[in-house]
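In case you want the letters, here they are:
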Amino acid sequence: DAGVIQSPRHEVTEMGQEVTLRCKPISGHDYLFWYRQTMMRGLELLIYFNNNVPIDDSGMPEDRFSAKMPNASFSTLKIQPSEPRDSAVYFCASSLYRREAFFGQGTRLTVV
Amino acid sequence: SQQGEEDPQALSIQEGENATMNCSYKTSINNLQWYRQNSGRGLVHLILIRSNEREKHSGRLRVTLDTSKKSSSLLITASRAADTASYFCATRPMDTGRRALTFGSGTRLQVQP
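Residues numbered from 1 in each chain as written. Chains lettered and ligands numbered in written order. Predicted model: local features only at pLDDT ≥ 70, side-chain atom pairs only at ≥ 80, totals over all residues. Heavy atoms only, no water.

**Some thoughts on the packing of aromatic side chains**
Right, on to step 1. Scanning all chains against the criterion turns up 10 aromatic pairs over all chains.
Right, on to step 2. Between Y35(A) and F103(B), the aromatic rings sit 5.3 Å apart at their centres with planes inclined by 90°, giving edge-to-face as the arrangement. Taken as a pair, Y35(A) in strand β4 (residues 31–38) and F103(B) in strand β10 (residues 102–103) lie in two separate chains rather than in one.
Right, on to step 3. Judged by relative accessible area, Y35(A) falls into the buried class, the value being 1%. (Phe/Tyr/Trp six-rings, centres within 6.5 Å; stacked < 30°, edge-to-face > 60°. Helix = DSSP H or I, 4+ residues; strand = E, 2+ residues; numbered from the N terminus. Buried < 20%, exposed > 50% of the residue type's maximum accessible area, 1.4 Å probe, protein only.)

Following this line, the structure appears as C-alpha cells:
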C-alpha cells in the first residue's frame with residue numbers, strides 16, 4: 001500500500017476562494033481523521049469518520065469548513081470561502097480501530 | 001484543547017546522549033502513542049502503549065506509562081543527529097466512545113552531531 005495520499009501538497013489561493021483538499025486512506029482502515037497544524041495551535045483534530053460516517057466534527061472551526069467521505073477510499077475537506085487565518089498544514093490520517101494512525105504528507109495551504 | 005502536553009517544549013542534546021520527553025494527559029485512556037515529525041513531513045508512529053502496560057521497548061525507544069499520574073515518558077537512548085525532529089504524544093480517550101487521537105503540543109528535539 002502506498003500509504004495515505006493527500007493532494008494537493010501545496011495550495012495557494014486568494015481569500016474568498018473555495019479550497020478542496022483530498023485524501024485517500026489506507027485500504028482496509030476504518031477510521032479517517034482530518035487534522036490542522038499551525039505554530040500557534042499545534043495539531044488540532046477537525047473531524048473524524050468511522051466507516052465513512054462522520055462521528056465528531058466538533059473541531060471544525062466554522063460553517064465554512066465541511067468534510068465528506070463518500071466511500072471508504074476517498075475523503076474531502078472543503079473550505080468555502082477561505083480566509084487568511086485558514087493558512088496551515090492540513091493532515092489526513094487513517095487507522096484500523098484503536099491502532100496507530102498513518103498520516104499523509106499533508107497539504108500546505110496558504111490563503112492570501 | 002490538547003489532551004496531552006509534552007515537556008519540555010524544546011530539548012537540545014549532543015549525539016550519544018539520552019533524550020527524555022514527558023507527556024501528561026487529562027482523561028482516562030485506552031492507549032497512548034508517540035509520534036515523530038520531521039520538518040515539513042507528516043507524523044510517523046513510533047510506539048503504542050496500552051493502558052494496562054507500564055513499560056514498552058522498541059529498539060532505542062523506551063516508553064513508560066503511569067495511569068495514576070496520567071503521564072508518560074519517551075526515552076531515546078544513544079541519540080543520533082537523525083533523531084532531530086518533533087515528538088508528540090497522542091491519546092485514545094476511553095470516554096464516550098470517542099476514538100479520535102488527540103495530540104499534545106510536542107517536544108522539539110535537536111541532536112547536535
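**Some remarks on unusual backbone geometry**
Right, on to step 1. Following S7(A), the chain continues to P8(A) via a peptide bond in cis, the omega torsion being -10°.
Right, on to step 2. Assignment of secondary structure puts P8(A) in the loop between β1 (5–7) and β2 (10–13).
Right, on to step 3. For N51(A), which is not a glycine, the phi torsion comes out positive at approximately 50°.
Right, on to step 4. Phi at A78(B) is positive, roughly 45°, even though this residue is not glycine.
Right, on to step 5. Residue classification places A78(B) among the partly exposed residues on the basis of a relative accessible area of 38%.

**Regarding the side chain of S72(B)**
Right, on to step 1. On the secondary structure map, S72(B) appears in strand β8 (residues 71–76).
Right, on to step 2. Contacts of S72(B), omitting those with residues within four sequence positions, involve M21(B), N22(B), C23(B), L32(B), W34(B), V63(B), T64(B) and L65(B). (Contact = heavy atoms within 4.5 Å.)

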